[in-house]
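Letter by letter, the chains look like this.
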Amino acid sequence: MAGNPDEYVHRRNGPMAQLATKLARKTQQAADVLRTEGLGRFIQLSAWSLSEPLRSLWLRRRVGTDARQASSKLKAEGKRGLFIDCGSNIGQGYKYFSRYYTPDRYDYVLVEPNKNCLTHLHALRSENATMEIVVKAASVKDGHAELFGPPPDRSGPTHQGCSIVFGHNESLYQSLRFTPDLVETFSLSQMIRAKRELYDVVVLKLDVEGAEYEILDDMIRSGSHRDLYAAYVEFHSLTLHKSERRKKRVAESQIIYAFLKAGTRFSEWI
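Treat the numbers as computed from the prediction; the structure is a model and nothing was measured. (Residues numbered from 1 in each chain as written. Predicted model: local features only at pLDDT ≥ 70, side-chain atom pairs only at ≥ 80, totals over all residues. Heavy atoms only, no water.)

Here we look at the sheet that holds strand S5 (residues 143-145)
One open sheet holds the three strands; their spatial order is S4-S8-S5, and the pairing between them is mixed. The open sheet has two edge strands with one neighbour each: strand S4 (137-139) and S5. Across this sheet, the average inter-strand angle for adjacent strands is 45°, counted without regard to direction. (Pairing = 2+ DSSP bridges. Helix = DSSP H or I, 4+ residues; strand = E, 2+ residues; numbered from the N terminus. Axes fitted to C-alpha atoms, helices over the stretch in contact; angles between N-to-C directions.)

So, in structure tokens, the structure goes:
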């Protein structure tokens, strides 16, 4: 292979490669919708997928600005921040955000209930990063839940679309139980409250395949959304049927308003 091997690996695992992978996945989802919900819905999802490069560019600029301002605050006070990554999968979010919220100033908590992903997450550990891996599902309470995902012929052991919400991708496929055992759950609101006592800056990335609505509502009710410096959330209303999708879009607007009113920087993670 010609060229610098390190540069090749960076390109292969860099933001553009991750974007291309996600774009391909969402394009396939749009094709599935064409078969089940018709041309109009297919066009809607396809347009959303094709606009992703522009939304990704906007997000990178927003994250960069947020991170610079937060890091300036930490540097001035001589303190460290915390980044909580809920829905870590195999570490895509960590690889993206750690370029902005760098491990020299931030500790990381990676939350992922799918045990098949653990080998990939442990491989991210290094001497320069303080990292806690939580093998549980973010929720509104401590307990146990089933983990759902697509049919076996449409997924692998580390599939990104697993959720504790049964109908999280109802317009794309009929969910099935993804693991034979229940997964542990915990209250994300309580975690944020506890971590805020230890860190001046707490940042959240939340990509939990439909479970975000209940979690974010709980955070607003408890007031823990005020403990966050910034939140990057992926909503999943586009994967629901029309009637439920409308309800969730209304809920999304209310959630965003509540976070911004509390002074928390809020961006939709894609």
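The rest of the description comes next.
Overview of helix H9 (residues 242-261)
An ideal rise of 1.5 Å per residue puts 28 Å on 20 residues; H9 measures up with 29 Å between its terminal C-alpha atoms. Listing the buried residues of H9 in full gives Arg245, Ala251, Glu252, Ile255, Ala258 and Phe259. Taken down its axis, H9 places every buried residue within 140° of arc, on the same side. Turned more than 90 degrees away from the buried face of H9 sit Ser243, Arg246, Lys247, Gln254, Tyr257 and Lys261, all of them exposed. Where H9 terminates, the next one or two residues include Gly263, which has phi positive at roughly 90°. (Expected span 1.5 Å × (residues − 1). Buried < 20%, exposed > 50% of the residue type's maximum accessible area, 1.4 Å probe, protein only. Arc of directions from axis to C-beta.)

Focus: the pattern of salt bridges
Inspection of the entire model under this criterion finds 13 salt bridges. With its nearest N and O atoms 3.2 Å apart, the salt bridge here joins Asp66 to Arg265. Taken together, the residues span a long stretch of sequence, with Asp66 in helix H4 (residues 52-77) and Arg265 in strand S11 (residues 265-268) at a distance of 199 residues. Note that Arg177 and Glu146 form a salt bridge whose closest N and O atoms lie 3.2 Å from each other. (Salt bridge = Lys/Arg side-chain N within 4 Å of Asp/Glu carboxyl O.)

Considerations on the sheet that holds strand S1 (residues 81-86)
One open sheet holds the six strands; their spatial order is S3-S2-S1-S9-S10-S11, and the pairing between them is parallel. Only two strands of the sheet have a single neighbouring strand rather than two, namely strand S3 (131-134) and S11. Pairwise comparison of adjacent strand axes, ignoring direction, gives a mean angle of 15° for this sheet. Pairing analysis gives five bridges linking S1 to strand S9 (residues 202-206), with the strands arranged parallel. When the sheet's bridge partners are listed, Phe83 is paired in S9 with Val203. Strands in contact with H9 are strand S10 (230-233) and S11; relative to S11, the strand with the most contacts, it is inclined by about 150°. (Contact = heavy atoms within 4.5 Å.)

These figures come from the coordinates and say nothing about function on their own.
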